[in-house]
Amino acid sequence: MWGRGWREQCWDRLQQPWDLIVIGGGITGAGILREAARVGLHVLLVEAGDFASGTSSRSSKLVHGGLRYLKNAQFRLTLDSVRERERLLHEGRGLITPLAFLMPGFESDRIPGWVFGIGLTLYDVLALQWGHRHYDPAGLRELCPPLSGDGLLGGYRYFDAQTDDARLVLRLIREGVHDGGMALNYCRVDGLLRSRSGQVRGVILHDQATQGAGLTAEIQAPVVVNATGAWADDLRGQVGGRPRLRKLRGSHLVFPTTRFPLQRAVSLLHPSDARPVFAFPWEGVTIVGTTDVDHAHSLSEEPAISPAEADYLLDLVRWAFPSLHLSLDDAMATYAGVRPVIDTGKADPSKESREYVLWDESGLLTITGGKLTTFRRMAQSALRAVRRRLPGSPTFDPRLRVLDEPPEERCVPSDLPPAACSRLIGRYGADAPGLVACAQAGELEPIGSSSSLWAEVRWASRQEAIVHLDDLLLRRVRIGLTLAQGGAPWMDRIRAIAQPELGWDDARWESELSHYCTRWQDVYAWPR
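In this text the structure is predicted, and so the values were computed from the model without any measurement.

Reading the values: rules and limits
Residues numbered from 1 in each chain as written. Predicted model: local features only at pLDDT ≥ 70, side-chain atom pairs only at ≥ 80, totals over all residues. Heavy atoms only, no water. Core = buried A, V, L, I, M, F, W, Y, C linked by side-chain atoms within 4.5 Å. Buried < 20%, exposed > 50% of the residue type's maximum accessible area, 1.4 Å probe, protein only. Helix = DSSP H or I, 4+ residues; strand = E, 2+ residues; numbered from the N terminus. Contact = heavy atoms within 4.5 Å. Pairing = 2+ DSSP bridges. Axes fitted to C-alpha atoms, helices over the stretch in contact; angles between N-to-C directions. Phe/Tyr/Trp six-rings, centres within 6.5 Å; stacked < 30°, edge-to-face > 60°. Lys NZ or Arg CZ within 6 Å of the ring centre and 35° of its normal. Patch = residues over 30% accessible without salt bridge, like charges linked within 9 Å, V, L, I, M, F, W, Y side chains within 5 Å. Areas by Shrake-Rupley, 256 points an atom, 1.4 Å probe, with all protein chains shown as cover. Salt bridge = Lys/Arg side-chain N within 4 Å of Asp/Glu carboxyl O. Parallel < 35°, antiparallel > 145°, perpendicular 65-115°, else oblique. Left-handed = near helix turned anticlockwise from the far one by under 90°. Right-handed = clockwise from strand over helix to strand, strands pointing away. Polar contact = N/O pair within 3.5 Å; in protein donor to acceptor, adjacent residues only side chain to side chain.

Draft legend 1. Broad picture of the nonpolar core. One finds Leu20, Ile32 and Leu205 to be the most contacted residues of the largest nonpolar core, which totals 69 residues. Residue contributions to this core peak at seven residues, all from helix α6 (residues 165–178). Beyond its immediate sequence surroundings of up to four residues, isoleucine 32 is in contact with Leu20, Val22, Val225, Ala227, Ile367, Ala379, Ala382 and Leu383. Met103, Tyr158, Val254 and Trp282 belong to the second largest nonpolar core, which has 47 residues in total.

And the structure:
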């Protein structure tokens, strides 16, 4: 699908008639591409960077029902989220997985534990299943031995889910392309085309890929959707829209499980401001996050955790898990993402609504806000808003699967254990048999302590639209976050697999490696 030479083929086909152009290759744009291609629309998705390179690879990886939104009386958001979580768990096994949470209560908490008990009861009612249980202090520490016993009053266990956010985006895009859509990463929108009446009727594209830089094209379609997330105001400004978004940064610390072992997620109220912060296992590491602060930097700069945010998260870890004696020296990586919310001027950023919004301005439909969990509902809402401008006024059936039916596990012939087979099928869907088939000797083994396999490096390099090395290491195969030094100790073998598949000469590889190492140190290492 995205083998060598695919970009040139896409550019040759760009002048065909399009029904819909989607700007933005994050979870929202990917969901719109998938839903539009499903009903036979000729849909083009373009992304200025790599697919999922913005917020959609930098989330907290949680597919959750938004328990904390009940506090702000956002019942509809919580209901939608819970129902979408249940569908994704059913249809995305191996990619969306159940995650047990513990919610301990301490004497110092500003909110009494019974309040959370009521919230969890309502949470379970919305999910139409009973999933929470109360534990006394001894029972809670038996489930999580590193948890502090000082002032511990007991707490609750409940269930949500988690995912690999970047892989979810890529699976949606690949399924949309398989159904006839087209998706181009590193393809920037330099401007909007307007009709004589001022309505948006297309885009001016500029190729940003290393080998194709300089290519431009004017592409027309009756519908253009702005799904650029935190960047949405920039595009809206071209049609006279006033800025309406508040950009909030959420940052995370990543610890090796050898230093921070957790079998379950733990949801805690930070002792300084009573904000909920999570510590949870993911892909062989433990993640702590997130913060919620105004992002004052330009979006042209890649977001990174600040020293104040790192201290904030570490203060929580030291308070809740004092026996581990963790310091920033134990953090193997960090990451930060910028999420858009509607700016209502609230003093506390966490009190801004996480609901998504739709704005139709001079024919440019903008959809922004929302949550990872509700991407399908957002996609269908956007398409319904413009269905009268689409050929045939198609209908979008919410009863259809969110993700395509995956192949059966027996279609992935290998000696892999069942959990590893399920993981591959979940992340790669219909591509899983091809991935296993392309594996060479020893490549169905994990890379270091990560959950990723060497064969994933080969498949991604061969078939997954890699333009730069960080596409491979930070988004296709997540070892930039899950291995020490961003995967540097394993780079020789990565090179031996990836360089021939990518068709890069030695000079190109060295340039890409230098850029990746510098970027990782500047953005993903902890602030020293």
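Back to the text.
Draft legend 2. Representation of the environment of glutamine 129. Its location among the elements puts glutamine 129 in the loop between α4 (113–127) and β4 (133–135). Once the C-alpha coordinates of glutamine 129 and arginine 194 are considered, the two residues, 65 residues apart in sequence, prove to be 51 Å apart.

Draft legend 3. Summary view of the sheet that holds strand β8 (residues 200–207). In space, the three strands of this open sheet follow the order β7-β8-β9, with antiparallel pairing throughout. A strand with exactly one partner marks an edge of an open sheet, and here the two such strands are β7 (187–194) and β9 (216–220). Here the average twist between neighbouring strands, direction ignored, is 25 degrees. Note that β7 and β8 share seven bridges and pair antiparallel. Note on β8: the bridge partner recorded for arginine 194 is valine 200. Taken strand by strand, helix α1 (residues 6–13) contacts β7, β8 and β9, and its axis lies near 150 degrees from that of β8.

Draft legend 4. Here's a closer look at the packing of aromatic side chains. Throughout the structure, instances matching the rule amount to eight aromatic pairs. With a centroid separation of 5.4 Å and an interplanar angle of 20 degrees, the aromatic rings of tryptophan 2 and phenylalanine 51 are classed as stacked. In this pair, tryptophan 2 is assigned in the segment before α1 and phenylalanine 51 in the loop between β2 (43–46) and α3 (75–91), connecting sequence segments 49 residues apart. By relative accessible area, which is 3% here, tryptophan 2 ends up buried. Linked through ring pairs, Trp2, Trp6 and Phe51 together constitute an aromatic cluster. Lying across the ring of tryptophan 282, lysine 61 places its NZ or CZ 5.2 Å from the centre. Positioned above the aromatic ring of tyrosine 335, the side-chain terminus of lysine 61 is 4.6 Å from the ring centre.

Draft legend 5. Quick look at a nonpolar patch on the surface. Residues Trp114, Val115 and Ile118 make up a contiguous nonpolar surface patch of roughly 330 Å² in combined accessible area. Along the chain, valine 115 falls in helix α4.

Draft legend 6. Structural detail: the packing of helix α12 (residues 454–463) against helix α15 (residues 491–502). It is at 8 Å that the axes of α12 and α15 come closest, and there the two elements cross at 25 degrees. With respect to each other, α12 and α15 are oriented roughly parallel. Both α12 and α15 take part in a crossing whose hand is right-handed. For the pair formed by α12 and α15, the contact residues are Trp454, Val457, Arg458, Ser461 and Arg462 on the first element and Arg493, Ile494, Ile497, Ala498, Glu501 and Leu502 on the second.

Draft legend 7. Geometry of the pairing of β2. The alternating pattern of β2 places Val43 and Leu45 on one face and Leu44 and Val46 on the opposite face, and all of these are buried. By the bridge criterion, four bridges tie strand β1 (residues 20–23) to β2 in an arrangement that is parallel. Paired with leucine 20 across the bridge in β2 is valine 43. In terms of handedness, the path from β1 via helix α2 (residues 27–38) over to β2 forms a crossover that is right-handed.

Draft legend 8. Fine view of the pattern of salt bridges. Inspection of every chain in the model, using the stated rule, returns 45 salt bridges. Of the charged contacts in the structure, one is a salt bridge between aspartate 294 and arginine 246, with a shortest N-O distance of 2.7 Å. Here the residue aspartate 294 occupies a position in strand β15 (residues 293–294), and arginine 246 occupies one in strand β11 (residues 245–256), the gap between them amounting to 48 residues. Accessibility expressed as a relative area gives 9% for arginine 246, which makes it buried. A network of salt bridges, in which partner residues are shared, links Asp50, Arg58, Glu302, Asp470, Asp471, Arg475, Arg476 and Arg519.

Draft legend 9. A look at the side chain of serine 148. For serine 148, the location among the structural elements is in the loop between α5 (137–143) and β5 (152–163). In this structure serine 148 comes out as buried when scored by relative accessible area, which is 8%. A distance of 3.1 Å separates a polar atom in the side chain of serine 148 from the backbone nitrogen of aspartate 150. Non-local contacts of serine 148, meaning those with residues more than four positions away in its chain, are made with Phe106, Arg141, Trp319, Ala320 and Pro322.

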